[in-house]
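Read off the chains here:
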Protein chains: 2
Amino acid sequence: MPAADRFSGVFAPVITPFHEDLSPDPERLIAHCRWLLSQDVGLAVFGTNSEANSLSVPERIELLDRLVEGGIDPLKMMPGTGCSALSDSVTLTRHAVRNGCGGVLMLPPFYYKGVSDEGLFRSFAEIIERVGSADLRIYLYHIPPVSQVGISVGLVERLTRAYPDIVAGIKDSSGDWNNTLALIERGGADFRVFSGSESFLLRNLGAGGAGCISATANVNPAAIRRLYESWRTPGARELQREVSELRDCLQMPLMIPALKAVVATFLDDPEWETVRPPLTPLGRDQKDLLLKKLAEQNFAMPALGTASPSRPSA
Amino acid sequence: MPAADRFSGVFAPVITPFHEDLSPDPERLIAHCRWLLSQDVGLAVFGTNSEANSLSVPERIELLDRLVEGGIDPLKMMPGTGCSALSDSVTLTRHAVRNGCGGVLMLPPFYYKGVSDEGLFRSFAEIIERVGSADLRIYLYHIPPVSQVGISVGLVERLTRAYPDIVAGIKDSSGDWNNTLALIERGGADFRVFSGSESFLLRNLGAGGAGCISATANVNPAAIRRLYESWRTPGARELQREVSELRDCLQMPLMIPALKAVVATFLDDPEWETVRPPLTPLGRDQKDLLLKKLAEQNFAMPALGTASPSRPSA
């Protein structure tokens, strides 16, 4: 795969619907993925905001199989495959490659804290060697506020030197723009740097970055995508202000219940609010306040659901 | 199981041996467990210091099956079964109960940070309800320096009220003696509070605690057990000083490579030094320094290996 085939653009870490019994719901997931693709947004399934770390390996494998069987283009998918256990990361990464996924988003092993860059290098190297496929494209996942184990710029340099065709980019969810800038400057010409929030999208693209992978793309994909496409135009600053303002409405310490509440409301489908413990759904007051703030922004989710044959538009 | 059958004493979070190809080594694990039992120390297999979070669910299931088949008494075992994913915790806990384990040591789900006590309660409750066995005994595992998600005293009170026969105790690896004391005072008469380090053992027992579950019990079980048995005697303070001093020699930000280096040295079995990434083995200098410090303490591992039929004593 030439570097031109590496990912760029806007990706949603796709929220994962659950049935009331907390089992994953492939049908609703397929419908949501279809809608996101219709909004020109790529699919970072099994990310942090997908509650992927509350899913077992067999559950993730089953869901990815169902997505591909359901007609979701694997080349538009960047499933999360980095686990705490080396063997799990190998299993999931191999499975993603076999399914023809355009890339994978890989957390470092995140249970043991205070590990060295040498240990993290060995972890990624073991996964790459064990999967052993020239088709593998890894997007590293740097999210220290959650994983508590980060991926330093120095580690990125070492990995891209050792595996220049495999280690294709990074998602930087540090919230630290200087770190993103250092990754863009030192990652190499073909290294794709995604911001973890659309709040940085204009700056990211201006500095030579590749786009963003952002939780809010689950509910506001069209506007974020519009900013991505028109970032060189005079109206870009205004678009950036708008998407950032909308993000501020949704911002909470844990954004997942809010995103699910929004989708449930706009689809009139309460089951979408279900989250797996340790998460809890929004309380009634929190939800009312959120919807009020969104209404003040004239927020809508145009055509939500229409991209799914099983979910005709109202 | 009456409260009298709840665990007390000294437990080792048993270090997990790997082959050079990083696959788990059930034979060496069985031998080490046999030796620990011969020292009157219980088996908290699959704890933090077991690198359990670097093992997949199938790897843990296979190892536990091999231990039981190898004649290791499941009633002496407290396997770690708490995972990031709810479904994994259910699978492992159910498997431990089916194998007749005397209890399980359960981490809270540790990927998502800033979760509420309500969310953690729901997580433990789901596991308990889904496993659905009166034989289940849960020892909660509070280790905020590593998991970053803790188990508050309030959550303990709520869990013991809801499941008084199931939620049997806690391992407190906070390093905060006041927290341990609060757990002993507020957990209830039958609630077993283990310190996460033998440095607190005398204080733990004096305050009504149940013992300790400590990494160093992998290499220094006899002395720690001696302190446990004689804590009311005049010599207890001196024994406490000795085990604490030995622990200080082994103390490192990540103790696992040190423990493995010690076992490898005393068994003259270099393969024992293998760790899974993201951990790295001790460097030569670190190892030399460690062994020098241990020699100054006249440290020995008496009869190490002799409890295993496959490992005759020298």
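Analysis parameters
- Counting restarts for each chain, with residues numbered from 1 along the sequence as it is written.
- Each chain is given a letter, starting from A, and each ligand a number, starting from 1, according to the order in which they appear as written.
- Predicted model: local features are reported for residues with pLDDT of at least 70 only, side-chain atom pairs are reported and counted for 80 or more only, and whole-chain, interface and lining totals are derived from all residues.
- Think of the side-chain values as coming from all heavy atoms in the structure, minus any hydrogens and water.
- Here the term cavity refers to a set of points on a 1 Å grid, laid over the protein atoms alone, in which a 1.4 Å probe fits but cannot get out; the term pocket refers to an open set having protein on both sides within 12 Å along at least five of seven lines, with lining residues being those that place an atom within 4 Å of a point.
- Grid points are joined across faces, edges and corners, and a volume is the space filled by probe spheres set on the points.
- Here a strand is any run of E in DSSP of at least two residues, a helix any run of H or I of at least four, and the numbering for each starts at the N terminus.
- When residues are sorted by character, Ala, Val, Leu, Ile, Met, Phe, Trp, Tyr, Cys and Pro go into the nonpolar class, Asp, Glu, Lys and Arg into the charged class, and all the rest, Gly among them, into the polar class.
- Fitting a line to C-alpha atoms yields each axis, with helices limited to the stretch in contact; the angle taken between N-to-C directions then spans 0 to 180 degrees.
- Helix crossings fall into two classes, left-handed where the near helix is turned counterclockwise from the far one by less than a right angle and right-handed where it is turned clockwise.
- Note on contacts: a residue pair is in contact if any heavy atoms of the two residues lie within 4.5 Å.
- Known as pLDDT, the predictor's per-residue confidence is scaled from 0 to 100.
- Within 6.5 Å between ring centres, the rings of Phe, Tyr and Trp (the latter by its six-membered ring) count as paired, and their orientation is classed by plane angle as stacked under 30 degrees, edge-to-face over 60, tilted in between.
- Exposure classes here rest on a 1.4 Å probe applied to the protein chains alone. A residue is buried below 20% of its type maximum, exposed above 50%, and partly exposed in between.
- We call two strands paired when DSSP finds no fewer than two bridges between them.
- If you view a crossover with the strands going away from you and the path from the first strand over the helix to the second runs clockwise, you call it right-handed.

1. Examining empty space enclosed by the protein
Inference 1: Tallied over the full model, the rule gives seven cavities of 30 Å³ or more.
Inference 2: There is about 230 Å³ of room inside the largest cavity.
Inference 3: Lining the largest cavity are 21 residues; nearest its centre among them are Cys-83, Ser-84 and Asp-88 of chain A together with Ser-84 and Asp-88 of chain B.
Inference 4: Residue assignment for the lining of the largest cavity shows that the elements contributing at least two residues are helix H2 (57–69) of chain A together with helix H2 (57–69) of chain B.
Inference 5: Tallied by class, the residues present in the lining of the largest cavity amount to twelve nonpolar, five polar and four charged.

2. Some details on the packing of helix H4 (residues 117–131) of chain A against helix H6 (residues 153–162) of chain A
Residue and element names in this part refer to chain A.
Inference 1: Two numbers describe how H4 lies on H6: the axes approach to 10 Å, and their chain directions differ by 35 degrees. Note on packing geometry: the crossing formed by H4 with H6 is right-handed. Along its contact with H4, which presents Asp-117, Glu-118, Leu-120, Phe-121 and Phe-124, the element H6 presents Leu-155, Arg-158, Leu-159 and Ala-162.
Inference 2: Grouping the amino acids of the contact of H4 with H6 by side-chain chemistry returns six nonpolar, no polar and three charged.

3. Description of the confidence of the model for chain A
Residues and elements named next belong to chain A.
Inference 1: Residues with a pLDDT of 70 or more make up 96% of chain A, whose mean pLDDT is 95.
Inference 2: With pLDDT under 50 throughout, residues 308–314 is counted as low confidence; its partners more than four residues away or in other chains account for ten contacts.
Inference 3: On the interface metric, ipTM, the complex scores 0.94, and its pTM is 0.95.

4. With respect to the packing of aromatic side chains
Residue and element names in this part refer to chain A.
Inference 1: Under the counting rule described, the total for this entry stands at 17 aromatic pairs over all chains.
Inference 2: On the basis of an interplanar angle of 85 degrees and a centroid distance of 5.8 Å, the ring pair of Phe-11 and Phe-194 is categorised as edge-to-face. Placement of the pair is Phe-11 in strand S1 (residues 9–12) and Phe-194 in strand S6 (residues 192–195), with a sequence separation of 183 residues. Comparing Phe-11 with Phe-194, the two get one shared label, buried.
Inference 3: Summarising the aromatic geometry, the rings of Tyr-111 and Tyr-112 are spaced 4.9 Å apart at their centres and angled 90 degrees between planes, so their arrangement reads as edge-to-face. The burial state of Tyr-111 is the same as that of Tyr-112; both residues are buried.

5. Let's talk about the pairing of strand S1 (residues 9–12) of chain B
Residue and element names in this part refer to chain B.
Inference 1: With three bridges connecting them, S1 and strand S7 (residues 211–213) associate as parallel partners. Paired with Val-10 across the two strands is Cys-212, which belongs to S7.
Inference 2: Pairing of S1 with strand S2 (residues 42–43), which is carried by two bridges, proceeds in the parallel orientation. Its bridge partner being in S2, Phe-11 is matched across the sheet by Gly-42.
Inference 3: Running through helix H1 (residues 26–38), the crossover from S1 to the neighbouring parallel element S2 is right-handed.

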